[in-house]
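Examination of the molecular architecture
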Amino acid sequence: FIIPDWAGFTKHIEDFYWKCKTNTEGKVASYIPQLARMNPEYWGVSVCTIDGQRFSIGDTSIPFTLQSCSKPLTYAIALDRLSPEVVHQYVGQEPSGRNFNELVLDHNKKPHNPMINAGAILICSLLKTLVKPEMGLAEKFDFTMNYFKRLAGEENLGFNNAVFLSEREAADRNYALGFYMREYNCYPDKTNLREIMDYYFQCCAMEANCETMAVIAATLANGGICPITEEKVLKPDSVRDVLSLMHSCGMYDYSGQFAFKVGIPAKSGVSGSLLLVIPNVMGICTWSPPLDPLGNSCRGVQFCEELVNEFNFHRYDNL
Ligand code: GLN
């Protein structure tokens with residue numbers, strides 16, 4: 001096994017869990033009612049290693065919507081299906097240094113990276129228009145959900161229609177980003193913006209729990225092979241690119257500090273989820289709805305810091 005003393009390791013995870021549980025900082029997202037109603041007490045941590053050892057503590061079987069945690073997944077599919085050369089004709093690899101939904105493009109008038117809203121909307125346009133263009137929106141939804149499920153080892157993965165409808169209602173900024181990018185010809189030809197926006201909201205409204213999301217993180221840690229089903233879902237090169245951008249851009253405008261302090265590729269979402277990928281070792285998902293001012297889960301970030309204080313998982317430990 002990759003972690004020989006599993007009981008000893010999980011004891012530490014439990015300790016971090018209880019330590020973070022007392023952290024009552026942050027505010028639950030309030031831009032849509034379904035997120036605003038989330039209990040701020042929810043707190044769960046799930047771990048899945050690349051050889052399939054698993055551990056969960058807390059509220060790990062309650063579903064939440066993926067929100068921005070869908071961004072590395074749609075980016076991965078786009079890379080796998082279209083190649084990095086094609087994808088990066090349309091979207092950059094630079095942290096934006098701004099909020100995740102800021103109305104801003106880079107110097108080339110492209111979205112900065114696929115981990116923020118503009119970039120993820122653009123990735124949706126590539127998946128819709130360039131990957132199997134004959135598929136309608138319904139088929140593309142199934143196609144995408146099927147990928148997410150395979151990454152998750154066929155475990156619980158659903159769709160929250162109320163969140164989808166709310167996202168679409170409360171989406172002035174996302175529409176503004178969508179139109180702004182159309183003004184600058186960011187999309188491939190034949191892109192239908194209304195369809196792309198719906199597709200983006202659908203990806204945000206996919207639903208899973210910590211246990212399932214830990215398997216997705218473990219599939220990324222394992223170079224694209226799901227540790228539960230042993231299915232090769234993504235090419236290792238695609239996963240390498242996804243992890244690179246999670247490392248530099250995955251935690252919104254905290255990404256630089258997170259890379260410095262924690263040094264592990266991660267992605268957070270506005271529902272309070274946080275995916276952590278320790279390459280060749282394990283995937284972790286934490287979930288706690290209260291967010292700090294930059295939009296990251298307060299307990300999630302604290303958990304990551306506790307983890308690297310105890311274990312040498314930081315990219316530049318072991319020098
Ligand atoms: N649905 C959210 C949005 O588009 C997702 C962003 C996030 O998780 N930060 O604004």
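Now for a look at the structure at hand.

Procedures and definitions
- Residues numbered from 1 in each chain as written.
- Predicted model: local features only at pLDDT ≥ 70, side-chain atom pairs only at ≥ 80, totals over all residues.
- Heavy atoms only, no water.
- Pairing = 2+ DSSP bridges.
- Helix = DSSP H or I, 4+ residues; strand = E, 2+ residues; numbered from the N terminus.
- Axes fitted to C-alpha atoms, helices over the stretch in contact; angles between N-to-C directions.
- Contact = heavy atoms within 4.5 Å.
- 1 Å grid on protein atoms, 1.4 Å probe; cavity = no way out; pocket = protein on both sides within 12 Å on 5 of 7 lines; lining within 4 Å.
- Points joined across faces, edges and corners; volume = space filled by probe spheres on them.
- Nonpolar A, V, L, I, M, F, W, Y, C, P; charged D, E, K, R; others polar.
- Parallel < 35°, antiparallel > 145°, perpendicular 65-115°, else oblique.
- Left-handed = near helix turned anticlockwise from the far one by under 90°.
- Buried < 20%, exposed > 50% of the residue type's maximum accessible area, 1.4 Å probe, protein only.
- Near = heavy atom within 4 Å.
- Polar contact = N/O pair within 3.5 Å; in protein donor to acceptor, adjacent residues only side chain to side chain.
- Sits in = over half its atoms within 2 Å of the grid points.
- Domains from an automatic or database assignment.

Time to look at the sheet that holds strand β1 (residues 44–49). Spatial ordering of the open sheet is given by β2-β1-β8-β7-β6, a layout of five strands whose pairing is antiparallel. Of all the strands in the sheet, just β2 (54–58) and β6 (266–268) have a single pairing partner and so form its edges. Taken over all neighbouring pairs, the strand axes of this sheet differ in orientation by 10° on average, direction set aside. Taken together, the three bridges between β6 and strand β7 (residues 273–278) define a ladder with antiparallel strand orientation. Pairing of A266 across the sheet is with L276, part of β7. Here helix α1 (residues 6–21) sits on the sheet and contacts β1, β2 and β8 (282–287); the angle it forms with β2, its principal contact strand, is near 25°.

Roughly 280 Å³ of volume is contained in the largest pocket. Taken together, 14 residues form the lining of the largest pocket, with H247, G263, P265, P279 and R315 sitting closest to its centre. Those elements giving two or more residues to the lining of the largest pocket turn out to be α11 (236–249) and β7. Looking at which element gives the most residues to the lining of the largest pocket, the answer is α11, with three residues. Classifying every residue of the lining of the largest pocket by side-chain character gives eight nonpolar, five polar and one charged.

Contact geometry for helix α5 (residues 117–129) and helix α9 (residues 193–204): axes closest at 9 Å, N-to-C directions at 110°. Relative to α9, α5 is oriented roughly perpendicular. The handedness of the crossing between α5 and α9 is right-handed. Here N117, A120, I121, C124, S125, L127 and K128 of α5 come into contact with α9, specifically with E195, I196, M197, Y199, Y200 and C203. Residues that form the contact of α5 with α9 fall into these classes: nine nonpolar, two polar and two charged.

Within the chain, K109 stands out as a residue other than glycine whose phi angle is a positive 60°. Of note, K109 is situated in the loop between α4 (84–90) and α5. Unusually for a residue other than glycine, K190 sits at a positive phi of about 70°. With respect to the helices and strands, K190 occurs in the loop between α8 (172–183) and α9. Owing to a relative accessible area of 82%, K190 belongs among the exposed residues under this scheme.

In this section: the site of the ligand. Residues in close proximity to the ligand total 13 residues, the closest being Q67, S68, E167, Y200 and Y252. One of the side-chain nitrogen or oxygen atoms of N117 is found 3.2 Å away from an oxygen atom of the ligand. Judged by the fraction of its atoms near the pocket grid, the ligand is located in the second largest pocket. For the shell around the ligand, the residue count by class is six nonpolar, five polar and two charged. Counting residues domain by domain, the shell around the ligand receives three or more from each of domain 1 (6–64 + 206–310) and domain 2 (68–204).

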